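# Architecture at a glance
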Amino acid sequence: MTANQTRAADETAILKVLKGVYEAWNANDADAFVAEYTEDASAILPGSYRKSRDEIRASMEVGFSSFLKGSTTTDKVLNVRFINDDAAVVVSETGVLFPGETEVPDERLVIATWVLTRQDGSWLLAAYQNSPSVMSMP
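This section reports on the structure supplied with the text. (Residues numbered from 1 in each chain as written. Predicted model: local features only at pLDDT ≥ 70, side-chain atom pairs only at ≥ 80, totals over all residues. Heavy atoms only, no water.)

### Quick word on the pairing of strand 1 (residues 37-45)
Residues in a regular strand project their side chains so that they alternate between the two faces of the sheet. As defined by bridge partners, strand 1 adjoins strand 6 (residues 122-132) across 4 bridges and the pair is classed as parallel. In the strand pairing of strand 6, Ala 43 is matched with Tyr 128. Judged from the 3 bridges that link them, strand 1 and strand 2 (residues 48-50) form a sheet pairing that is antiparallel. Paired with Ile 44 across the strands is Tyr 49, a residue of strand 2. The hairpin formed by strand 1 and strand 2 contains 2 residues between the paired strands, and Gly 47 there has a positive phi angle of roughly 85°. (Pairing = 2+ DSSP bridges. Helix = DSSP H or I, 4+ residues; strand = E, 2+ residues; numbered from the N terminus.)

### What about the side chain of Ser 71?
Along the polypeptide, Ser 71 turns up in the loop between helix 3 (53-64) and strand 3 (72-84). There is a polar contact of 2.6 Å between the side chain of Ser 71 and the backbone oxygen of Leu 68. Beyond its immediate stretch of four places on either side in the chain, Ser 71 contacts Trp 25, Asn 26, Asn 28, Val 96, Leu 97, Phe 98 and Pro 99. (Polar contact = N/O pair within 3.5 Å; in protein donor to acceptor, adjacent residues only side chain to side chain. Contact = heavy atoms within 4.5 Å.)

### Brief notes about unusual backbone geometry
Its identity is not glycine, yet Asn 28 carries a phi of approximately 55°, on the positive side. Assignment of secondary structure puts Asn 28 in the loop between helix 1 (3-26) and helix 2 (30-33). Unusually for a residue other than glycine, Asp 120 sits at a positive phi of about 50°. With respect to the helices and strands, the residue Asp 120 is situated in the loop between strand 5 (110-119) and strand 6.

### Quick word on the sheet that holds strand 3
Taken together, the 6 strands give an open sheet; going across it, the order is 2-1-6-5-4-3, and neighbouring strands pair in mixed fashion. Where the open sheet ends on each side, the last strands, each with one partner, are strand 2 and strand 3. Strand-to-strand twist in this sheet, taken as the mean axis angle between neighbours without regard to direction, amounts to 15°. Alignment of strand 5 against strand 6, held across 10 bridges, turns out to be antiparallel. Opposite Leu 116, over in strand 6, you have Leu 125 as the bridge partner. Its contacts with the sheet place helix 1 against strand 1, strand 3, strand 4 (87-97), strand 5 and strand 6, and it is angled at close to 150° to strand 3. In the packing of helix 3 onto the sheet, the strands contacted are strand 1 and strand 2, and the crossing angle to strand 1 comes to about 55°. (Axes fitted to C-alpha atoms, helices over the stretch in contact; angles between N-to-C directions.)

### Points about the pattern of salt bridges
Counting across every chain of the model gives 7 salt bridges. The shortest N-O distance in the salt bridge between Asp 85 and Arg 7 comes to 3.9 Å. Of this pair, Asp 85 sits in the loop between strand 3 and strand 4 while Arg 7 sits in helix 1, and the two are 78 residues apart along the sequence. Arg 7 gets classed as partly exposed once you look at its relative accessible area, which sits at 30%. (Salt bridge = Lys/Arg side-chain N within 4 Å of Asp/Glu carboxyl O. Buried < 20%, exposed > 50% of the residue type's maximum accessible area, 1.4 Å probe, protein only.)

As far as function goes, none of this settles anything; it's purely spatial.
Dropping the structure here:
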């Protein structure tokens, strides 16, 4: 396999991991949501820092049973960049759709950074961070 073919295969595998996360969100399944996170994964969102896969799963379980119940997500990958053979960063634009919505309001769109690592031949999520994509200017 050529280097370009390997990179293409890795990118496909990475995008499959992200797709699985969003499918789990759409099913409101906290266990499936973190299935491809490393044990020591972290998630940083405005106002919160989760320091492990267990903390991320627990917070998603609470969300899916309350304010996120029935929600789905939109996701648009903007960039996939390889740091080395076993690490990659993905930047995406994403948003949460609540029941009855067909479009995510601009104020709920975020730009997300995903850090993935290859462990034992599989790509896993090591870190996630998001920030609002629309900012008010004074």
